[in-house]
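Take a look at the letters that make up each chain.
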Amino acid sequence: MRGKQSTYLKWLAVAATVGMLLILLGGALVTKTESGMGCGRSWPGCNGELIPTEITAEVLIEFSHRLVTGSVGILIVVLAVWAWLAYGHIRETKFLAFMAVFFLILQALIGAAQVLWGQGDFILALHFGISLLSFAAVLLLTLLIFEVDRKFNADRLRIGNKLKVHTIGVTLYSYIVIYTGALVRHTESSLVCADWPLCRNDQFALPYNRFEWVQMGHRLAAALIVVWLGYIAWHTYKQYRDQKVLQRGWLIAFTLVLLQATTGMLVVLTQLNLVISLLHSLFISLLFGLLCYMIMLISRSKHSL
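What counts, and where the lines are drawn
Residues numbered from 1 in each chain as written. Predicted model: local features only at pLDDT ≥ 70, side-chain atom pairs only at ≥ 80, totals over all residues. Heavy atoms only, no water. Domains from an automatic or database assignment. Contact = heavy atoms within 4.5 Å. Buried area = accessible area lost by both parts, 1.4 Å probe. Salt bridge = Lys/Arg side-chain N within 4 Å of Asp/Glu carboxyl O. Polar contact = N/O pair within 3.5 Å; in protein donor to acceptor, adjacent residues only side chain to side chain. Helix = DSSP H or I, 4+ residues; strand = E, 2+ residues; numbered from the N terminus. Nonpolar A, V, L, I, M, F, W, Y, C, P; charged D, E, K, R; others polar. Core = buried A, V, L, I, M, F, W, Y, C linked by side-chain atoms within 4.5 Å. Buried < 20%, exposed > 50% of the residue type's maximum accessible area, 1.4 Å probe, protein only. Axes fitted to C-alpha atoms, helices over the stretch in contact; angles between N-to-C directions. Parallel < 35°, antiparallel > 145°, perpendicular 65-115°, else oblique. Left-handed = near helix turned anticlockwise from the far one by under 90°.

(A) Structural view of the domain arrangement of the protein chain. Domain boundaries in the protein chain define domain 1 (1-146) and domain 2 (152-304). Taking only C-alpha atoms into account, the centre of domain 1 sits 23 Å from that of domain 2. Contact residues are listed per partner, giving 28 residues for domain 1 and 25 residues for domain 2. Around 2400 Å² of area is buried between domain 1 and domain 2 when both sides are counted, 74% of it from carbon and sulfur atoms. For the pair domain 1 and domain 2, the interface holds zero salt bridges. Scanning the region where domain 1 abuts domain 2 turns up three residue pairs in polar contact (both at pLDDT 80 or more). At the level of secondary structure, the elements contributing two or more residues to the side of domain 1 that touches domain 2 comprise α1 (3-32) and α4 (121-147). A per-element tally of the side of domain 1 that touches domain 2 places α4 first, with 16 residues. Here the side of domain 1 that touches domain 2 is composed, by residue class, of 20 nonpolar, three polar and five charged.

(B) Molecular detail of the nonpolar core. Within the largest apolar cluster, 66 residues are counted, with the highest numbers of intra-cluster contacts made by Ile-76, Leu-79, Leu-229, Leu-246, Trp-250 and Leu-287. Of all the elements in the fold, those that place two or more residues in this core are α1, α2 (57-87), α3 (93-117), α4, α5 (161-186), α6 (210-239), α7 (244-269) and α8 (274-300). Looking at which domains feed residues into this core, each of domain 1 (1-146) and domain 2 (152-304) gives three or more. Dropping the residues within four chain positions of it, Leu-229 is found in contact with Val-170, Trp-250, Ala-253, Phe-254, Val-257, Leu-287 and Leu-291. By size, the runner-up hydrophobic cluster in this structure holds five residues, among which are Ala-125, Leu-183, Val-184 and Val-214.

(C) Expanded view of the packing of α5 against α8. Between α5 and α8, the least distance of the axes is 10 Å, while the angle of their chain directions is 155°. One finds that α5 runs roughly antiparallel with respect to α8. Relative to α8, α5 is oriented so that their crossing is left-handed. Counting all contacts with α5, which are made through Lys-164, Thr-167, Ile-168, Val-170, Thr-171, Ser-174, Tyr-175, Ile-178 and Arg-185, the residues of α8 involved are Ser-281, Ile-284, Phe-288, Leu-291, Met-294, Ile-295 and Ile-298. A per-class count over the contact of α5 with α8 returns ten nonpolar, four polar and two charged.

If you want it as structure tokens, here you go:
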């Protein structure tokens, strides 16, 4: 594929990636502003109407999120089909195209089920994580499309088994961190511990109830991933000086997890400031997308150090 078609596909891929980020942030906004029932038990319409006539803040947030999800969903389907036809010969293309659409549909169905019948907190916590998988697939598909120009050849990377194990492990573990964070929101445990880093800074004690267990469990999980990514960044700096994409990739990952941890702390200290809360969701989305990209790089590495 050359010329204008290639350019159009790249623009479509970028638009779909940005759109998926907007879906993730829109979902977080719906949760944080408690606007999930803004359209009542009506889906895909809103309060029994195709387009709501009575607009409140909750209706505006929920209905806008639905519109964005529907519009971006169309972009993703077009992107998946176009990429499949144009770059289906590249190993990862068909898999990523399928995963992008599959998880997009799955997260939409979970959202619809929540509206129509309601769901438990543990199921709702999966909603953000499933959307994140769709975002990661779209992001990797976009990177694959840009990679066709061969400005960077990932096949030349030499990655040792130690780094491969850490890459797979920390990516899987990051999903646990993401799930515990979503559980904090959906169980309304965000402010159950008003202090930081301990639940009550005047004493070191085990959590008193399940809400504190959820909150402190997430903090512990987040602390561990900060340490883990810090170690991986240090390891690649020492052992992969000739492979800048690995050094820079893990440095960016460590920077993102530090920003994630910082905004997590500020969410508590600012009593759920909306902008900081959305940044918290943004940083974990970007981090997970990057970790999935590192997985793709190790899958292409044909030589070990």
